[in-house]
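# Chains, contacts and geometry: an overview
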Amino acid sequence: LKFIFGPSAVPALDLVDQRSVTRVRSPSGRTLYQVLGSSGKLYTCYSSCHFCTCPAFGFSVLQKSESLLCKHILAVYLSQAMGACQELSVSEEQLTNILLAEEEDEG
């Protein structure tokens, strides 16, 4: 994994080991992932479109094209493969609030 994903591999595995990845689902079937980062901040990840709200994703992946993904997205993919995601069912309104909170943090 380290050969393919570089420096993101070990921190991502640490996040999986700490069970830091939560799959958030609404009754309509919409799904997103929240990852509790090593700094204690909660990041929202969308595996369907390969996106994370962390600064490293914005800088290293989107701006510089130095990486394919950040440790949070890799942790989501690894936890999916290993069946190690926490599960959280929320209402449509709660999911909307999560998405709007992310938008406010960015804006």
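For the protein, the name recorded in an unreviewed UniProt entry is ZSWM7 protein, with Leptocoma aspasia as its organism.

## Remarks on the overall build of the protein
Looking only at helices and strands, the protein features 5 helices and 5 strands. Starting at the N terminus and ending at the C terminus, the protein contains elements arranged as α-α-β-β-β-β-α-α-β-α. Along the first, second and third principal axes, the C-alpha atoms of the protein reach 40 × 35 × 25 Å. Across the 107 residues of the protein, 38% fall into the buried class. A sequence separation of at least 24 residues applies to 55% of the contacts in the protein between residues at least 6 apart. Of the accessible surface of the protein, which amounts to about 6,300 Å², a share of 55% is contributed by carbon and sulfur atoms. Where the 8 positive side-chain charges of the protein centre and where its 11 negative ones centre are 8 Å apart.

## Here's the deal with the side chain of Arg23
As for its position among the elements, Arg23 is in strand S1 (residues 21-25). Among the polar contacts made by the side chain of Arg23, one reaches the side chain of Tyr33 at a distance of 3.3 Å. Only 2.7 Å separates the side chain of Arg23 from the side chain of Glu87, close enough to count as a polar contact.

## With respect to the sheet that holds strand S2 (residues 31-36)
Ordered in space as S4-S3-S2-S1-S5, the 5 strands form an open sheet in which the pairing is mixed. For this open sheet the edge positions go to strand S4 (51-52) and strand S5 (86-89), each flanked by a neighbour on one side alone. Pairing geometry for S1 and S5, over 4 bridges, is parallel. Looking at S5, one finds that Thr22 is bridged to Gln86.

## Remarks on the UniProt feature "domain: SWIM-type" (unreviewed entry) in the protein
Cross-referencing UniProt, the feature "domain: SWIM-type" (unreviewed entry) maps to residues 43-81 in the present numbering. End C-alpha atoms of residues 43-81 are separated by 20 Å, and the span's content is 51% helix alongside 15% strand.

## Observations regarding the packing of aromatic side chains
Evaluated as defined, the whole model comprises 2 aromatic pairs. Here Phe51 and Phe57 contribute two aromatic rings whose centre-to-centre distance is 5.2 Å and whose plane-to-plane angle is 80°, an arrangement assigned as edge-to-face. Exposure remark for Phe51: the relative accessible area of 28% places this residue in the partly exposed category. Pairwise contacts between aromatic rings join Tyr46, Phe51 and Phe57 into one cluster.

Thresholds, definitions, all that
Residues numbered from 1 in each chain as written. Predicted model: local features only at pLDDT ≥ 70, side-chain atom pairs only at ≥ 80, totals over all residues. Heavy atoms only, no water. Helix = DSSP H or I, 4+ residues; strand = E, 2+ residues; numbered from the N terminus. Buried < 20%, exposed > 50% of the residue type's maximum accessible area, 1.4 Å probe, protein only. Contact = heavy atoms within 4.5 Å. Areas by Shrake-Rupley, 256 points an atom, 1.4 Å probe, with all protein chains shown as cover. Lys, Arg positive; Asp, Glu negative; His and termini not counted. Charge placed at Lys NZ, Arg CZ, Asp CG, Glu CD. Polar contact = N/O pair within 3.5 Å; in protein donor to acceptor, adjacent residues only side chain to side chain. Pairing = 2+ DSSP bridges. UniProt positions renumbered as here; feature names shortened; annotations may be inferred. Phe/Tyr/Trp six-rings, centres within 6.5 Å; stacked < 30°, edge-to-face > 60°.

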